[in-house]
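Chain and residue survey
Each chain is listed here by its residues.
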Amino acid sequence: MKHYTLFKKILLPLAAFGLLIGFISFAFIFNHHLNNIETKANEETQKLANLLVTARTLVSEHVLSSMALLKQYASVEGQPNIHGVTDMLGTQVPNLRFGDSPQTGRTILVDSVTRIGSGTATIFVKRGQQFLRIATNVKKADGSNAFGTELNPYGKVIEKLQKNETFYGVVDILGEAYLSRYEPMHDDQGRLIGAWYVGYKLDFNAIDQAIRQWGFLEKGFVAITDGRGKIRFLTGGISKQQALDAMEDKQQRWKKVSKEVPEWDFQINILYPINEAYWSALGALSPVMIIALILTLVVLMVVISGLQRFVLNPLGGEPETAKLLLMRIESGDFAEDHITATPDTLIANMVKMRRRLREMVSQIQASANRLKVSASVFDHAHDAIFITDEHGLIVQCNPSFSVVTGYTQAEAIGQSPTALGIACEQPDFFQTLYEGAQAFQEWQGEVWNRHHQGHDYLVELELSPVMNQAGEFQHYVGLFSDITRAKEQQNMLEHLAYHDVLTQLPNRVLFSSRLQQALLEAERQQSLVAICYIDLDDFKIVNDQYGHEFGDKLLMQLASRLNSILKPQDTLARLGGDEFAMLLCGGRTQTEYTRLLKKLLAAIEKPFAIDKFKFSISASIGYTLYPIDHNPPDTLLRHADHAMYHAKTHGGHQFHLFDLASAQQSQQQQLLLRDLLNGIQNSHIKLVYQPQVCMQSGKLFCFEALLRWQHPLRGLLYPNDFLNAVEHTSLIIDIGNWVIEESLRQLTEWQAHGLHTQISVNIAAQHLMHKQFSDHLASLFKKYPNIKPQQLHIEITESAAISDFARVNRVIQQCQSLGVAFSIDDFGSGYSSLIYLRRLPVDIIKIDQSFIHNMLSNQEDLAVIRGVVMLCREFGRKVVAEGVEKAEQAQLLAELGCDYAQGFGISRGMPGNKVIEWAGKHDPYQFN
């Protein structure tokens, strides 16, 4: 009874306490592993969030700069204000003005800030609780302009605007994601009267490809949803319906880890099966369970050894009882028979011994069971495991080892790990583990293995030595897993952060880093570094005519072609659109870089074959040399940009070295462009009209619309004073459209006062080749229905370089089908007069005034005029003589067969309100 009380009060509580501690430890480790899985999922969501924020950052600079430019252009016109109401597509809307300039239906402001790239811009006016688009280049689903459409009254943007707050984030426009900025517009009293908007389309292709390859655990997946719960990106191999069912799981079979990305209004969700996480946690518990069982066995043996002193007592009871106990012990019968004896006697000790033997048998059976469990863990572990002997040869490996390495267990046992391709790039790797100061130490790290089939794969390897009780080395236990795919995903994400998605060239971030390194290296080696800025000439024409798919393929071919010419230490980067930056290193003289730039220009101009089409382009390159131009990296790139702009405005197809004079000239041209835009918005640009009369009858034939700019500082400017600065920009198209519409408006006004005549306008070659030229003309004739298309003449300057005759012919034929007439202006002043006369289907030829001025004294000029008149008669063209100032000139031209005359001798250009008075006095005109 004494011993029983000791067991009950001491040993039993200790055993219960040990079991409780074991259970708590198991529960803690189990929950800790589950928390580690959830923490890993949170880390993955953070990586995805960083990827989305990086993509957003690539275009945020465009949005902010475009918004600043839109508001700056508007501020030139004046303070926003509401002045009554106006009609817009049959609906009364508040008449929003900037200063005195109404904005309803005008697109010059929004087009001027989003002309390059895929951006959009809009000016909204507030009507009640509505925000209506009154000036926009946003298109509706049918392709028409979104004038008069309402901002979504239930969207996230209007809530911000109603609170006089700015919205900056991602919104959907016609099914496309745009990084957008909406800012409230106030009048001079601070009242909310409208809103500003600028947005740029985001390219999700690279992100979509990355997410498709993303996974978690065995069956987990990634789903990125927008603010309305719509799935935007999804791991490959799972349908959207399956993903939605998992996210709406009400049976708690899925674990969801989410992270909000407020910059996109997206939510990143990583979902994985809960049962899979549980099995993973149980797998992590297996080694702990083995150790706990071993510790339990040790504790039990200590307890039993402590109890032995209670059974080593003198024999108690009958000798037969002792003999029976000995026979049973000898025969292996350790069953309980309820024999009792006096404490501290031999029989009592024998009974205790039988009990101990019985317990030992049970322990041996338990140990055997534990060995079976250990063997099961070894066989079913996902990681590859191998064990080597003291000589470094493999004595055991698990099935996963064969799966990962390709070697069967029979092939592996008896071989060294090196012979099986483990750490194949380090032949002496395992030898160092057995020799030298670092022998028999633990090791952990990444190594490359070679598979039985010959391919290499990356693994995370752990090596642990096993010592005997004497501290002598016995085995190495190695454990590794294939991490090749995980490394590839990591490298792909790093590549996306520093490279252009389309061309795989370095982006602006990587280029800036390499530029700083190149400048330091140039100072050490006392060499020159060329920082270049490249812009493709008229690349927008390729996109407009053939589509962005062909433009993208051309850019990829161009990147490959240029990289094949550059040296390994050089860098070609894409900054965006058709703009590239280039870093050339190792040169000693400017002449070396000049030869290389000529070679690069020639490579760019070689034709590009895409599908069944061929394209020919050119480029403008600006560059500067460091340390001759000793400035910080950002300044050097800006200088190269200035030099590129100089090359482009001087005809393109060339390269130019930065110098201060060209930079100042570039600034002057930019200032002229800004003043010209302000002049258009403030009506400082006007038209005057010069008559053309028939040489035979004197009857009024036509009025030519001539452009004049009343500059606030420089006075009256003529076209040659300012049009050259905008000839290669899209502003020349805006000016041309304004001239045509103003001429038709003036012609309508003349007709209302009884003057029926024709009008001619001058159009630049770039404007004529615009894909919407004929459509825009047709829309203007609908706007001015009283004007017949036959009353409009379009003049093409003969000296302008028209590179695509086939395209110009198509445009002329489309316009002529409407009834519009065409003429060649300044004929004879260019280099291709006969080509123009033969290849362009024009109606009228205008002889350049330089021949008319000297025709009375210069026989060569007179011969040219006579030849032009004869050629035109043969080709069926009418002839107009420009610059007629004397009656003698008019008389001689009439004798030569010239049809019409124009010049100061007839009349100078006059305002539109003076034309009717002049026609009343001089129709028909008398050549005196």
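Residues numbered from 1 in each chain as written. Predicted model: local features only at pLDDT ≥ 70, side-chain atom pairs only at ≥ 80, totals over all residues. Heavy atoms only, no water.

1. Observations regarding the overall build of the protein
As a reminder of what qualifies: Going along the chain from the N terminus, every DSSP run of H or I of four or more residues is numbered as a helix, and every run of E of two or more is numbered as a strand. Only protein chains enter the area calculation, which uses a 1.4 Å probe; residues under 20% of their type maximum are buried, those over 50% are exposed, and those in between are partly exposed. Every residue pair with non-hydrogen atoms within 4.5 Å of one another is taken to be in contact. Only the protein chains shown count as cover for residues, with accessible areas throughout obtained via the Shrake-Rupley method and a probe of 1.4 Å.
In terms of helices and strands, the protein carries 28 helices and 33 strands. Looking at the protein residue by residue over its 928 residues, the buried ones come to 45%. Partitioning the contacts of the protein with sequence separation of at least 6, the portion at a separation of at least 24 is 61%. As displayed, the protein offers around 47,900 Å² of accessible surface, 54% of which is attributable to carbon and sulfur atoms.

2. Focus: unusual backbone geometry
For the bond from Tyr-626 to Pro-627, the omega torsion is 15 degrees, close enough to zero to count as cis. Note on placement: Pro-627 falls in the loop between strand E23 (618-626) and helix H17 (633-649). Despite not being glycine, Leu-89 has its phi angle at roughly 55 degrees, a positive value. Topologically, Leu-89 is positioned in the loop between strand E1 (80-88) and strand E2 (91-98).

3. What to know about the sheet that holds strand E18 (residues 528-537)
Stated precisely, the cut-off is as follows: By the convention used here, strands pair only if DSSP detects at least 2 bridges between them. What counts as an axis is a line fitted to C-alpha atoms, over the stretch in contact for a helix, and the angles between N-to-C directions run from 0 to 180 degrees.
Strand order in this open sheet of 5 strands is E19-E20-E18-E23-E24, and the pairing throughout is mixed. Both edges of this open sheet fall to strand E19 (571-576) and strand E24 (654-657), since each of them pairs with a single strand only. Looking at each pair of strands side by side, their axes are set apart by 20 degrees on average, direction ignored. The pairing of E18 with strand E20 (residues 579-587) spans 7 bridges and is classified as antiparallel. Bridging from a neighbouring strand, Leu-528 pairs with Gly-587 of E20. The strands that helix H13 (residues 508-525) touches are E18, E19, E20 and E23; relative to E20, the one it contacts most, it runs at about 20 degrees. Against the sheet, H17 engages E18, E20, E23 and E24, with an angle of about 140 degrees to E23.

4. Some details on the sheet that holds strand E10 (residues 231-234)
Taking strand neighbours across the sheet as the criterion, the 4 strands line up as E10-E9-E12-E11 in an open arrangement whose pairing is antiparallel. Bordering the open sheet on either side are E10 and strand E11 (254-261), each of which pairs with just one other strand. Each adjacent strand pair in this sheet contributes to an overall mean axis angle of 20 degrees, direction not counted. Sheet topology places strand E9 (residues 221-226) next to strand E12 (residues 266-273); 6 bridges connect them, and they run antiparallel. Note that in E12 the partner of Ala-223 across the bridge is Asn-269. Against the sheet, helix H5 (residues 240-247) contacts E9, E10, E11 and E12, and its axis sits at roughly 105 degrees relative to E10.

5. Notes on the pattern of salt bridges
Our working definition: Definition used for salt bridges: Asp or Glu carboxyl oxygen within 4 Å of a side-chain nitrogen of Lys or Arg.
Under the definition given, this model contains 25 salt bridges. Note that Asp-537 is salt-bridged to Lys-648, the shortest N-O span being 2.8 Å. In this pair, Asp-537 sits in strand E18 while Lys-648 sits in helix H17, placing the two residues 111 residues apart along the sequence. As far as burial versus exposure is concerned, Asp-537 and Lys-648 are alike and both buried.

6. Looking at the packing of aromatic side chains
Counted only if it meets this: The aromatic pairing rule takes the rings of Phe, Tyr and Trp, using the six-membered ring of Trp, and pairs them if the centres are within 6.5 Å, calling planes under 30 degrees apart stacked, those over 60 edge-to-face and the rest tilted. Either the NZ atom of lysine or the CZ atom of arginine qualifies as a charge over a ring when it sits within 6 Å of the ring centre and within 35 degrees of the ring normal.
By the definition in use, this model includes 22 aromatic pairs. Ring centres of Phe-429 and Phe-430 lie 5.0 Å apart, and the angle between their planes is 85 degrees; on these two criteria the pair is classed as edge-to-face. Residues Phe-703 and Trp-918 carry aromatic rings whose centres are separated by 6.3 Å and whose planes lie at 80 degrees to one another, so their mutual orientation is edge-to-face. Placement of the pair is Phe-703 in strand E26 (residues 700-711) and Trp-918 in helix H28 (residues 915-922), with a sequence separation of 215 residues. In this structure Trp-918 comes out as buried when scored by relative accessible area, which is 10%. Taken together, Tyr-689, Phe-703, Trp-750, Trp-918 and Tyr-925 form an aromatic cluster joined through their ring pairs. Just above the ring of Tyr-168 sits the side chain of Arg-181; from NZ or CZ to the centre is 5.3 Å. Over the face of the ring belonging to Phe-904 we find Arg-908, whose NZ or CZ atom lies 3.9 Å from the ring centre.

7. Brief notes about helix H15 (residues 548-563)
Heads up, the rule is: Any helix carries an expected span of 1.5 Å times its number of residues minus one.
Here H15 is 16 residues long and its end C-alpha atoms lie 22 Å apart, about the 22 Å a rise of 1.5 Å per residue gives. Among the residues of H15, those classed as buried are Phe-550, Gly-551, Leu-554, Leu-555, Leu-558, Ala-559, Arg-561 and Leu-562.

8. Here we look at helix H23 (residues 805-818)
Owing to its 3.6 residues per turn, the α-helix brings residues three or four apart onto one side. Given a rise of 1.5 Å per residue, 14 residues ought to cover 20 Å, and the 20 Å separating the end C-alpha atoms of H23 matches this to within 8%. The complete set of buried residues in H23 reads Phe-805, Arg-807, Val-808, Asn-809, Val-811, Ile-812 and Cys-815. In the stretch just after H23, Gly-819 is the one whose phi turns positive, near 120 degrees.

9. A few points about the environment of Ser-481
Residue placement: Ser-481 occurs in strand E17 (residues 473-482). Taking C-alpha positions, Ser-481 is 5.7 Å from Glu-460, a pair spaced 21 residues apart along the chain. Excluding residues within four positions of it along the chain, Ser-481 makes contact with Asp-383, Leu-458, Val-459 and Glu-460.

10. Focus: the pairing of E12
Of all 8 residues making up E12, 7 are buried, and the element is well covered by its neighbours. Across 8 bridges, E11 lies against E12 in antiparallel orientation. Considered in E12, the bridge of Lys-255 is made with Tyr-272. What sits between the antiparallel neighbours E11 and E12 is a turn of 4 residues, in which Asp-265 has the positive phi angle 60 degrees.

11. Side note on the pairing of strand E13 (residues 384-388)
With 4 of 5 residues buried, E13 is to be regarded as a mostly interior element. Two strands pair when backbone bridges link them, and E13 and strand E14 (residues 394-397) are joined in this way by 3 bridges, in the antiparallel orientation. Across the sheet, the residue bridging to Thr-388 is Ile-394, located in E14. Linkage of E13 to E14, two consecutive antiparallel strands, is achieved through a turn of 5 residues, within which Gly-392 is found at a positive phi near 85 degrees.

12. Brief notes about the environment of Asn-145
Definition in use: Between N or O atoms, a polar contact is any pair within 3.5 Å; within protein, one atom must be a potential hydrogen donor and the other a potential acceptor, and residues adjacent in sequence are included only when both atoms are from side chains.
In this fold, Asn-145 is placed in the loop between strand E5 (130-136) and helix H3 (156-162). Taking the C-alpha atoms as reference points, Asn-145 and Ala-135, separated by 10 residues in sequence, lie 9.4 Å from one another. Contacts of Asn-145, omitting those with residues within four sequence positions, involve Thr-136, Asn-137, Val-138, Lys-139 and Lys-140. One polar contact links the side chain of Asn-145 to the main-chain carbonyl oxygen of Thr-136, over a distance of 3.1 Å.

13. With respect to the side chain of Thr-120
Within the secondary structure layout, Thr-120 lies in strand E4 (residues 119-127). Within the local environment of Thr-120, its side chain forms a polar contact with the side chain of Tyr-197, the two groups lying 2.9 Å apart. Other than its neighbours up to four places away in sequence, Thr-120 contacts Thr-114, Asn-137, Val-138, Tyr-178, Tyr-197, Val-198 and Gly-199.

14. A short note on the side chain of His-767
On the secondary structure map, His-767 appears in helix H21 (residues 765-768). With relative accessibility at 2%, the residue His-767 sits in the buried group. With residues near it in sequence (within four places) discarded, His-767 still touches Ile-732, Ile-733, Gly-736, Asn-737, Ile-740 and Phe-773.

15. Side note on the state of the cysteines
Short version of the rule: Cysteine sulfur atoms are paired as a disulfide whenever they come within 2.5 Å of each other.
On inspection of all chains with the given rule, the structure shows 0 disulfides. Cysteine Cys-532 shares no disulfide, and the gap to the nearest cysteine sulfur, in Cys-585, comes to 9.9 Å.

16. Quick word on the confidence of the model for the protein
For the record, the criterion: A residue's pLDDT is the confidence the predictor assigns to it, expressed on a 0 to 100 scale.
For the protein, per-residue confidence averages 82 on the pLDDT scale, and residues scoring 70 or more make up 84% of the total. Scored below 50 in pLDDT, residues 1-6 makes 5 contacts in the model with residues more than four places away or belonging to other chains. Contacts of residues 307-315 to residues separated by more than four positions or lying in other chains number 28 contacts, the stretch itself having pLDDT below 50.

17. Observations regarding the environment of Asp-226
For Asp-226, the position within the fold is in strand E9. Along the chain, Asp-226 and Glu-260 lie 34 residues apart, while their C-alpha atoms are 9.7 Å from each other. What Asp-226 contacts, discounting residues up to four positions off in sequence, is Arg-232, Asp-265 and Phe-266.

18. As for the packing of H13 against H17
Stated formally: Roughly parallel covers angles under 35 degrees, roughly antiparallel covers those over 145, roughly perpendicular covers 65 to 115, and oblique covers all other angles. Any residue that is not Ala, Val, Leu, Ile, Met, Phe, Trp, Tyr, Cys, Pro, Asp, Glu, Lys or Arg is counted as polar, Gly included; the first ten are nonpolar and the last four charged.
Running from N to C, H13 and H17 point in directions that differ by 110 degrees, and their axes come no closer than 10 Å. The orientation of H13 with respect to H17, classified from their angle, is roughly perpendicular. Facing Arg-508, Phe-511, Leu-515, Gln-516 and Leu-519 of H13, the residues of H17 in contact are Pro-633, Leu-636 and Leu-637. When its residues are assigned to classes, the contact of H13 with H17 shows 6 nonpolar, 1 polar and 1 charged.

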